[in-house]
Structure formats: C-alpha cells, structure tokens
Amino acid sequence: MAHNSLLINVDVGETRVAIVQDGVVGELYVERKRDRSPVGNIYVGKVTRVLPGMQAAFIDVGLDRAAFLHVEDLLQPQEAEPEEGEAGDEKPNGKAGARHKRASRETPIRDLLREGQELVVQVSKGPISTKGARVTAHVALPGRYVVYMPTVDHVGVSKRIGRDKERRRLKEVIDSLRPPTGGVVVRTLAQGLTKKQLKADVGYLVKLWEQCQTKLQHGREQRKKPKAPYLLHEEPDIVLRAARDMFTEEIHEIVIDDPRDFARLKEFLELFLPERADDVKLYQGNEPLFDEFGIEDEIARALSRKVSLPSGGYLIVDQAEALAAIDVNTGRFTGKGQDVEETILQTNLEAVKEICYQLRFRNLGGLIVLDFIDMEKSANRDKVNKALLKELKKDKAKTTAVRISELGLVEMTRKRTHESLGRLLYEPCFYCDGTGQLKSKTTVCHEIFRQMRREKDSLPGYKITVSAHPAVCDALEREEKAALEEASKRFQRRIELQPRTEYHLEQFDLTAGN
C-alpha cells in the first residue's frame, strides 16, 4: 500500500472511508444508506414557524426535525432593472437574472418570510444530537476545483493557497470564466491548473444549477404541482464525494473493495480527473479491507476513553452534551532521569499531537477543554501553546484556542458540521441511561429499608416480600445481613427475599403476606 491512501470499504448498508497517511488512519468517515447526511442537498422547503424575536425561522424540508434558518442566511432581492417601480421576483430565491444580496441581521425576518411560504434552501449543517439541520438560501454547488454560488456576486480564492502570485493568477482566470450570474470560489485543489481545466468544472456546475432551475420551474407549471417539501438536488454519495473532495495530490491511490462501486468510481474519475483514473485499485483479498490494513484495530484504539501515548502517558477523552474534555496524565512515564518539569513538558508536547489527531479522527466539535499537566515555567507553557497552534493549522475544520492558563487549561472551539464519530458509532447505555454509573448495591439495600419504613403501615400481615435484582438480594443476605435482621425486629415482620433476574439493579418492589 502506498504511504498515503484512500481506503473505501463498501458493506451492506454502510460505507466507510479512511484516509491513511504514512500508515496511520488520519480521518474516518461513515455513511449509512438509512441515514445519509443531508448536507449539500437542495430542497424546496416550507416555512412552518417564523420567530421574530430570534430573527430566525423553522423550515420543513422533509427530515425528521424542522431545519433552522437565520435571517442572514436569506436572500434580499434587489431590483433586476434600474427602472423605478419594477419589483424583483417575490420568491425568496428569485429567478435567473435577478440580483440578490445577503439579508442583514437588522432586516425584520417577517419582511422576508411568512408561514406556509415555499423556499429553496440548501442544508449547510446536518442534524446533530437533538438539534435539527441548519439551512441557507445561499446555494453553493461544490465541484472538484471550484464552488459555484448562483445567488452571490463574489469571486474568491481559497486561503489555503499560500502563494500570492498563484492566487492572483487564479483570480484572473476565474474572472474571465465567470458565468453571467452568481459567483465562484476557487478551491485549494485548483493550484497550477489551466484555464481549460477550470472552465470544464465551472461549466458543469452552471449546468447543474440550470437543471435545478428547470426542475423547479417545471414543477410550478404542472397541474398537479409537487407539494413542498421535496428534494431538488441530492449530493453524491460518500464514494464519489471522497474522489471529488479527498483525492488530492498527497493521496497516492484509492483502494475500494466493491466491484460495482469500483466501476462507478472509475467512470467518475475518467470524466472529471482522467489523469488519475488508473490510481483506483479494486481490493480482492480474502480478508476484509479494513482488517487487512489494520484499520479496525486503529478505530478501536482511537475511540476508547483512555488513549495511550508512546512514552507511557495517556489521555482521557470525555464527550458530554455541553463540551468535550481531554485530560493529560503522565502515567508510567518518569522521564529517564530528567527533572519533573522536563518530564511534564515532554508529556504535554507529546499529548499535543495526539490531541489534535483525536479531534480530527473523532470529529469532536463545539467547546473543548484541554487539561494539560501543570507547568511552573511560563516558557514551557509557551512551548506547548505554540505546538498546539501549529498542529491545529493542519485541521480542515475552523478552530480557535485561547492561551494556555497557569493551571494548564486551554479553552478552544472547533467547528462542528456533523455528528462526531463516537456519537455515530455508539449510543448511550440503556442500562445506566448514559450516565456511566449505577447506584451501588449497598445504596439500593438501604433504599429498600427506608421504603419499608414508609410503607409498613400500608402493608398488612406479618411478612414483607422484597422483589429485587439477584445481586441486591445477595448483598442483603451477606454484607447487609445484620441490617436486614435489625429491620425485621424494628418493623416486626418477617422479611423474605425474592430474586428477580428481569429487574434492573436499582429496581425493587415490596409486597405484604401472612
């Protein structure tokens, strides 16, 4: 296998894509047919609620939950012609030829939207946890080299293209290719490309948008007009998206294990990237693809709560609803004769690389708190801070980090565009309700005694039967035997235990008897 590869495992109902860099899994993406990400899809949605106080609205686009739309993600139509009295198209998206600008935060949203109105929107952020998707009326159609924005009058070049000369050249090229309406942003992959190559990409995307417009207009003209919400354009699946967005010059080959998708991928590349079509290989080994290249073991290691560091230290990664916390520990690392401060510094520097890797691999987003080991010297804290900022620059997601505090804490944010890998692959434990802990058997025993006291007058007869989990009954007969006998004397009842295997550890019932 080449040093840098794109491995695509196509299974029944699920496709996984792993980016392997120098033998290490850098990123992992999972897509399931039953719940494909709607990000990039364009819908004709229906406004269900307008919230003037939040300057926002909820749009039904056919997903499980209504999508969120902020006023700044709306279009504000301008007049298509300068003559006084001629209004632009009333529909929020406008017709081809009308000019638009982004609605400002101060524009009252009720001036732009009303309940029941139909609206063309694109999903910019997928549903995460209990939140619905986020949508925008500013459509952006990504190609391999450019992004076409039919509603925005803007030409730009990716900031990741560092050389000013190349940036100027690309801007001049794209200015000459710019379609009559809309704007274009040049992607990082366009470095060094000719005008002819960029023209093909722009032309394809303009044609794609024209097809969307034709489909929309055709729907409006039909007698039985399709009712919103409905899908106008669907993003390609993860196999083709991987080839379009991830197959960079740094990636030497794509290895895929499904013959049908191999043929589809080959056809896609021959059309859009013919010079690299031969870099796609069909895996035909006996072992599953991810097993053959050790990906499954790496996934298990990287997603565990405790992540070991090469020197003997380790990280503890906890993801909660409000934030994610990563704690650094020295573990068994003693520094081989170094002083304590130097040992701590080396552990923290080692942790920086693993933390940034974990953020990318797990796709952790939102508020993140990093708890490094305390360092007494400010110079050492600066070293760790610089190392962190350097590693974060490698992240495709937008990140911000504040300076490391005297206590070794770093507060940072990472843009969250879809669900984290952990939330996608795991679900909260049904037994502990996701808390990660249960009441101890001793605690449940004493809850039983307290409940006996509450109910003793309402339980007739001379016997109380305690129905509980076998482990709790065992604790009552052993560790709490003296307390059980004391309760029997105090309440003047014979206490019998009834083990119930189907009971939850914390569940119990009291019944009376003679």
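Refer to the structure above for everything that follows.
Quick look at the structure, then. (Residues numbered from 1 in each chain as written. Predicted model: local features only at pLDDT ≥ 70, side-chain atom pairs only at ≥ 80, totals over all residues. Heavy atoms only, no water.)

### Observations regarding empty space enclosed by the protein
Following the criterion strictly, the structure yields one cavity of 30 Å³ or more and no others. Reported here for the largest cavity is a volume of approximately 40 Å³. Together, Q319, A320, E321, A322, L323, A324, G365, G366, L367 and R416 line the largest cavity. Secondary structure elements with two or more residues in the lining of the largest cavity: β20 (323-329) and β21 (366-371). Here the residues of the lining of the largest cavity are counted per class, giving five nonpolar, three polar and two charged. (1 Å grid on protein atoms, 1.4 Å probe; cavity = no way out; pocket = protein on both sides within 12 Å on 5 of 7 lines; lining within 4 Å. Points joined across faces, edges and corners; volume = space filled by probe spheres on them. Helix = DSSP H or I, 4+ residues; strand = E, 2+ residues; numbered from the N terminus. Nonpolar A, V, L, I, M, F, W, Y, C, P; charged D, E, K, R; others polar.)

### Concerning the pattern of salt bridges
Taken as a whole, this structure holds 29 salt bridges when the rule is applied. A salt bridge links K266 to D278, with the nearest nitrogen and oxygen atoms 3.6 Å apart. Of this pair, K266 sits in helix α4 (residues 259-272) while D278 is found in the loop between α4 and β17 (280-282), placing the two residues 12 residues apart along the sequence. Residues D395 and R414 are paired through a salt bridge, measuring 2.6 Å at the closest nitrogen-oxygen approach. Linking D395 in the loop between α8 (378-392) and β22 (399-401) with R414 in strand β23 (residues 409-414), this pair joins segments that are 19 residues apart in sequence. (Salt bridge = Lys/Arg side-chain N within 4 Å of Asp/Glu carboxyl O.)

### A closer look at the layout of surface pockets
In this model, the second largest pocket occupies a volume close to 620 Å³. As for the second largest pocket, its lining consists of 20 residues, and the residues nearest its centre are Q319, G422, R423, Y426 and E427. Elements with a minimum of two residues in the lining of the second largest pocket: β19 (314-319) and α9 (421-425). Broken down by class, the residue content of the lining of the second largest pocket amounts to eight nonpolar, six polar and six charged.

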